[in-house]
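Structural overview
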Amino acid sequence: QVQLVESGGGLVQVGGSLRLSCAASGRAFSSYAMGWFRQAPGKEREFVAAIRSNGGSTYYGDSVKGRFTISRDNAKNTVYLQMNSLKPEDTAVYYCAAHRDYLTVVGGRGSYWGQGTQVTVSS
């Protein structure tokens, strides 16, 4: 099994930047596609970004395209989400997820999930 722990959330101003991290346990991290999702109060979970196991391909939700960047460091068993030009609508709990199939992550599903980290963007 894979255990995931998110960190890096916090309170930022509109237009600011924040980098989230997702640390994974297990021997097979490099075999998993990874994704970031978010959920705001009263709303359904939303797809944010996905990355292939080797980091060769990425995919982003329309609402964050051009502002967020997903990356990974397989040597550190860590996935990152760099968030720039933050807006109040980005306020949510952000979750990372893992699945062996990249397209499954792009489609909004994961086999393993972290506990989430809160991001709040204030004006």
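Preceding this paragraph is the structure being described.
Here the structure is a predicted model, which is why all the values come from computation and not from measurement. Note that residues are indexed from 1 along each chain, following the sequence as it is written. The model is predicted, so local features are restricted to residues of pLDDT at least 70 and side-chain atom pairs to those at 80 or more, both for listing and for counting; the totals for chains, interfaces and linings are taken over all residues. Water and hydrogen atoms were dropped before computing side-chain values, which therefore reflect all heavy atoms in the structure.

1. Structural notes on the nonpolar core
Take the buried Ala, Val, Leu, Ile, Met, Phe, Trp, Tyr and Cys residues and link them wherever side-chain atoms come within 4.5 Å; each set so joined is a nonpolar core. Three labels apply to residues, based on accessible area from a 1.4 Å probe with only protein chains included: buried if under 20% of the type maximum, exposed if over 50%, partly exposed otherwise in between. Judged by nonpolar contacts, the single largest core of 29 residues is most densely connected at Met34, Trp36, Leu81, Met83 and Tyr94. Formed by seven residues, the second largest nonpolar core is a distinct cluster that contains Ala33, Phe37, Ala97 and Tyr102.

2. As for the state of the cysteines
For this text, the term disulfide refers to a pair of cysteine sulfurs within 2.5 Å. A complete count under the given rule lists one disulfide for this structure. A sulfur-sulfur separation of 2.0 Å characterises the disulfide bridge that pairs Cys22 with Cys96. Its S-S torsion of about 55° marks the bond between Cys22 and Cys96 as right-handed, since a negative value means left-handed. Highlighted residues: Cys22 in strand S3 (residues 18-24) and Cys96 in strand S9 (residues 92-99), separated in sequence by 74 residues. In this structure Cys22 comes out as buried when scored by relative accessible area, which is 0%. Counting from the N terminus, the helices are DSSP H or I runs at least four residues long and the strands are E runs at least two residues long.

3. Observations regarding the sheet that holds strand S1 (residues 4-7)
A sheet is described by the order of its strands in space; here four strands give the open sequence S1-S3-S8-S7, paired in antiparallel fashion. Strands at the two margins of the open sheet, each flanked by one partner only, are S1 and strand S7 (68-73). For this sheet, the mean angle separating the axes of adjacent strands, direction not counted, is 15°. Bridging between S7 and strand S8 (residues 78-83) involves six bridges; their strand directions are antiparallel. Bridge pairing links Thr69 to Gln82 in S8. DSSP bridges decide pairing: two strands pair if at least two such bridges lie between them. For helices, the axis comes from a line fit to the C-alpha atoms of the stretch in contact; other axes are also lines fit to C-alpha atoms, and the angle between any two N-to-C directions lies between 0 and 180 degrees.

4. Things to note about the pattern of salt bridges
A carboxyl oxygen of Asp or Glu within 4 Å of a side-chain nitrogen of Lys or Arg is what we treat as a salt bridge. Tallied over the full model, the rule gives four salt bridges. In this structure, Glu46 and Arg38 form a salt bridge, with 2.9 Å as the shortest nitrogen-oxygen distance. Residues Lys65 and Asp62 are paired through a salt bridge, measuring 3.3 Å at the closest nitrogen-oxygen approach. One continuous salt-bridge network, built from bridges that share partners, spans Arg38, Glu46, Arg67 and Asp90.

5. Points about the pairing of strand S5 (residues 46-51)
Taking burial as the measure, the six residues of S5 include five buried ones, the bulk of the element. Of the strand pairs in this sheet, strand S4 (residues 33-39) and S5 are connected by five bridges, and their pairing is antiparallel. Each residue of the ladder has a partner; that of Met34, found in S5, is Ile51. In sequence, S4 turns back onto S5 through a hairpin of six residues, with Gly42 there showing a positive phi of about 75°. In this structure, S5 lies alongside strand S6 (residues 58-60), joined through three bridges in antiparallel fashion. Residue pairing for S6: Ala49 is matched across the bridge by Tyr60.

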